[in-house]
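# Remarks on the overall topology
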Amino acid sequence: IQKFDPAGNYVSQWGSHGSEPGSFLRPQSLAIDRDDHLWVADVSNHRLQVFDLAHDPPQLVRVWGEQGADPGQFSYPNSVWVEEKDEGRVWVCDMGNHRIQAFTKQGQWLGAWGGPGRLTGEMYQPWALALDSRGAVHVLDTYNHRVQRWEPAIASSQKRE
């Protein structure tokens, strides 16, 4: 990961190519939470990595996830989003499993929804997600060529085990 100043000048970098903690295989998405932690979707390692930006270089705080389809496992987690309200849930676009998963910041699994398909509520390799100011979850449903939206009450109550 490389860091640049506001003028675009190179400042520093950290991490390397690999599968050890602190290394990456196709880092795809970044999010920064209110605790100044940088969340990285480490796609081809099928995991999330969290770094504390208060250190130089940033210090690895947490790594979680492994390849699979069970709750809390990932198959190419392409996008991560950290809520800034309440407990700050972490939302992950789990592309290879055609679903969205929700976690606490500590990595406790809260639920998932989606699954392979083309019907409303199903997904075909979702690529990215974002939350709007009302807490609705918007998902880029790549191979269905659409964006799907789940309202806050629906997204918070979805759970599939």
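Residues numbered from 1 in each chain as written. Predicted model: local features only at pLDDT ≥ 70, side-chain atom pairs only at ≥ 80, totals over all residues. Heavy atoms only, no water.

## Regarding the pairing of strand β2 (residues 10-13)
- Note that strand β1 (residues 2-4) and β2 share three bridges and pair antiparallel. The residue of β2 that forms the bridge with glutamine 2 is glutamine 13.
- Linking β1 to β2, which pair antiparallel, is a turn of five residues; within it glycine 8 sits at a positive phi near 95°. (Pairing = 2+ DSSP bridges. Helix = DSSP H or I, 4+ residues; strand = E, 2+ residues; numbered from the N terminus.)

## As for the nonpolar core
- Counting 14 residues, the largest nonpolar core has Trp39, Leu48, Val80, Val90, Val92 and Phe103 as the members making the most contacts within it.
- Those elements giving two or more residues to this core turn out to be β4 (37-42), β5 (47-52), β7 (77-82), β8 (90-94) and β10 (109-114).
- Cys93, Trp113, Met123 and Leu129 belong to the second-largest nonpolar core, a separate cluster that totals 11 residues. (Core = buried A, V, L, I, M, F, W, Y, C linked by side-chain atoms within 4.5 Å. Buried < 20%, exposed > 50% of the residue type's maximum accessible area, 1.4 Å probe, protein only.)

## Description of the sheet that holds strand β3 (residues 27-32)
- One open sheet accounts for four strands, arranged β3-β4-β5-β6; its pairing is antiparallel. At either margin of the open sheet sits one strand with a lone partner, and together these are β3 and β6 (59-64). For this sheet, the mean inter-axis angle between neighbouring strands, taken without regard to orientation, is 20°. (Axes fitted to C-alpha atoms, helices over the stretch in contact; angles between N-to-C directions.)

## Regarding a nonpolar patch on the surface
- A contiguous nonpolar surface patch, about 280 Å² in accessible area, is contributed by Trp127, Leu140 and Val147.
- As for its placement among the helices and strands, valine 147 is situated in strand β13 (residues 146-150).
- On the basis of relative accessibility, which here comes to 54%, the residue valine 147 falls in the exposed class. (Patch = residues over 30% accessible without salt bridge, like charges linked within 9 Å, V, L, I, M, F, W, Y side chains within 5 Å. Areas by Shrake-Rupley, 256 points an atom, 1.4 Å probe, with all protein chains shown as cover. Salt bridge = Lys/Arg side-chain N within 4 Å of Asp/Glu carboxyl O.)

## Notes on the pattern of salt bridges
- Considering all chains together, one arrives at eight salt bridges under this definition.
- With its nearest N and O atoms 2.8 Å apart, the salt bridge here joins aspartate 141 to arginine 146.
- Classification of aspartate 141 as buried rests on a relative accessible area of 0%.
- Glutamate 151 is the partner of arginine 149 in a salt bridge, and the nearest nitrogen-oxygen pair spans 2.8 Å.
- Among the residues examined, glutamate 151 registers a relative accessible area of 25% and is labelled partly exposed.
- Among the charged side chains, a network of salt bridges with common partners joins Asp33, Asp35 and Lys105.

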